[in-house]
Amino acid sequence: MMVAALREARKGRGATHPNPAVGAVIVKNGRILARGWHCAAGKPHAEIEALRNLRNPSHAHGATIYITLEPCSTHGRTPPCTAALIAAGVSRVVYGARDPNPRHAGRADRILKRAGIEVAHGIMASECAALNEGWNHWIVTGRPMVIAKAGMSLDGRIASPPGHRWITSAASRRDAMRLRAACGAVLVGGQTVRVDNPKLTVRGCVCPQQPLRVVWTRTADFPSTHHLFADAHRDRTLVFQNQSLESVLEDLGRRGVEKVLIEGGGETLGAALDAGLVDRIVFYMAPVLLGGDVPAIGGRGVGSNEERLLLEDIAYEKIGPDLKISACVKRLEWIESGSTGVITARIPPDPMSGLREAKTLAARNRLAHPVFFAENHCLPLTHTREPKDADD
């Protein structure tokens, strides 16, 4: 039944900001009686849509509702869904992912249980959470999730030979276009704009809105005839001059951007990795060798093995002749939070890289006077930054 709820939730992907994409199905005696999904902020949530889609409201009595995300329990643009579920008379609520906001996580359970409703959660939790990975990151940190993307040769070069524009195959480029369409912004360095004159538009796939086109540069000396400043989407172009990448991400977070795709060039990708700003990498590797002095990733790099970036959740996919590699940058994993003001985080296997990661995380999330404990490889951090609330 949660598979059916996920199918509903995917209908709203990319159209619900600042809310997450959520789906719900109402079930009785093993049969789905109604389905619903959240289509836009300010519109009814998935649970309410499912209740409204019942042939008869009385059919909700004694039914089970499956929801991809913990029901909202606060009043925003719309009333709390917990109140609607109680009023409808459902007997059981099953949801996949918890609300990522630690101020709200688990609150629906307590409200529903007090009303005599059975509650179960964690069903297909990883799949449900993955549906809103960018929103989950943004709602807690206030900054967008950062994806580093590159198309390269097998020896890690991104400069194609003269007369050849592309390194990777058409199939890989179509896949990368779908990735671009799933992000709220695409970021490149100024030199990429000067040399390549990219369009950075979404082409050949469905996209609710053209992503913002972000240029990070020292000098904004760009020809006014370049695509980013002259085409039909020029109002979606932002130029950030002489600012840190971190401050650019902060600005994009305030604009409500949940995911940023950094597409190049190599120095920009390297700067993002050096600063520890990348959350996920997606690399397309073509079966060619190019050589030369234009690497896919530049920057300062690491000074020792202890400083290397570790990857996890690595996936390999063959796309045409190319190999797509996607992975998450290993970070501190939040494993507990609550009203005590303490967040416990699990560090990577290497204690030194874990401590460095913890200090970076504390600084980025404006944790005042963090306290680090290495015992049992856990680091309780004093948490003073309130997560964002979705504008329901």
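Structure report, in brief.

**Some remarks on unusual backbone geometry**
Then, number 1: Each neighbour pair has its own omega, and for His17 with Pro18 the value is 10°, a cis peptide bond.
Then, number 2: Tracing the backbone through its elements, the reader meets Pro18 in the loop between α1 (2-10) and β1 (23-28).
Then, number 3: Here the bond from Gly264 into Gly265 is cis, since omega is 0°, no more than 30 degrees from zero.
Then, number 4: Of note, Gly265 is situated in the loop between β10 (259-264) and α11 (266-274).

**Brief notes about the packing of aromatic side chains**
In this description, an aromatic ring pair is defined by two values, namely the gap between the centres and the angle between the planes.
Then, number 1: Within the structure shown, the criterion is met by one aromatic pair.
Then, number 2: Judged by centre distance (5.6 Å) and plane angle (20°), the ring pair of Phe222 and Phe229 falls under stacked.
Then, number 3: Of the residues examined, Phe222 reaches a relative accessible area of 14% and is grouped as buried.

**Overview of the pattern of salt bridges**
Then, number 1: This structure, assessed with the given rule, holds 17 salt bridges.
Then, number 2: Here Asp175 makes a salt bridge to Arg178, at a shortest N to O gap of 3.5 Å. Placement of both Asp175 and Arg178 in helix α7 (residues 170-181) is noted, with a separation of three residues, approximately one turn of the helix.
Then, number 3: On the basis of relative accessible area, Arg178 is assigned to the partly exposed category, the value being 48%.
Then, number 4: Its salt-bridge partner being Asp175, residue Lys324 comes within 2.9 Å of it at the nearest N-O pair. Of this pair, Lys324 sits in strand β13 (residues 322-329) while Asp175 sits in helix α7, and the two are 149 residues apart along the sequence.
Then, number 5: For Lys324, a relative accessible area of 15% corresponds to the buried category.
Then, number 6: A network of salt bridges, in which partner residues are shared, links Glu70, Arg98 and Asp109.

**Digging into the sheet that holds strand β4 (residues 92-97)**
Then, number 1: The five strands lie next to each other as β2-β1-β3-β4-β5, forming an open sheet whose pairing is mixed. One side of each edge strand has no neighbouring strand; the edge strands of this open sheet are β2 (31-37) and β5 (118-121). Pairwise comparison of adjacent strand axes, ignoring direction, gives a mean angle of 20° for this sheet.
Then, number 2: Here β4 pairs with β5 via four bridges, running parallel.

**Some remarks on the sheet that holds strand β12 (residues 311-319)**
Sheets are built from strands that pair by backbone hydrogen bonding, the pairs being arranged parallel or antiparallel.
Then, number 1: If you trace the eight strands from one edge of the open sheet to the other, you get β9-β8-β7-β10-β6-β11-β13-β12, paired in mixed fashion. Each end of this open sheet is capped by a strand with a single partner; those strands are β9 (237-241) and β12. Sheet twist, expressed as the average angle between the axes of neighbouring strands with direction ignored, equals 20°.
Then, number 2: Alignment of strand β7 (residues 185-189) against strand β8 (residues 212-217), held across five bridges, turns out to be parallel. Within β8, the residue paired with Ala185 across the bridge is Leu212.
Then, number 3: Along the sheet, helix α6 (residues 133-141) contacts β6 (145-153), β10 and β11 (280-286); its crossing angle with β6, the most-contacted strand, is approximately 135°.
Then, number 4: On top of the sheet, α7 reaches β6, β7, β10, β11, β12 and β13; it is set at about 165° to β11, its chief contact.

**As for a nonpolar patch on the surface**
Then, number 1: On the surface, Leu311, Ile314, Tyr316 and Leu323 cluster together into a nonpolar patch covering about 380 Å² of accessible area.
Then, number 2: On the accessibility criterion, Tyr316 (58% relative accessible area) is exposed.

**Let's talk about α11**
Since there are 3.6 residues in each turn of an α-helix, residues three or four apart along the chain are aligned in direction.
Then, number 1: What α11 keeps buried is the set Gly266, Thr268, Leu269, Gly270, Ala272 and Leu273.
Then, number 2: Those residues of α11 that are buried lie in contact with β6, β7, β8, α10 (245-254) and β10.

Criteria and thresholds
Residues numbered from 1 in each chain as written. Predicted model: local features only at pLDDT ≥ 70, side-chain atom pairs only at ≥ 80, totals over all residues. Heavy atoms only, no water. Helix = DSSP H or I, 4+ residues; strand = E, 2+ residues; numbered from the N terminus. Phe/Tyr/Trp six-rings, centres within 6.5 Å; stacked < 30°, edge-to-face > 60°. Buried < 20%, exposed > 50% of the residue type's maximum accessible area, 1.4 Å probe, protein only. Salt bridge = Lys/Arg side-chain N within 4 Å of Asp/Glu carboxyl O. Pairing = 2+ DSSP bridges. Axes fitted to C-alpha atoms, helices over the stretch in contact; angles between N-to-C directions. Contact = heavy atoms within 4.5 Å. Patch = residues over 30% accessible without salt bridge, like charges linked within 9 Å, V, L, I, M, F, W, Y side chains within 5 Å. Areas by Shrake-Rupley, 256 points an atom, 1.4 Å probe, with all protein chains shown as cover.

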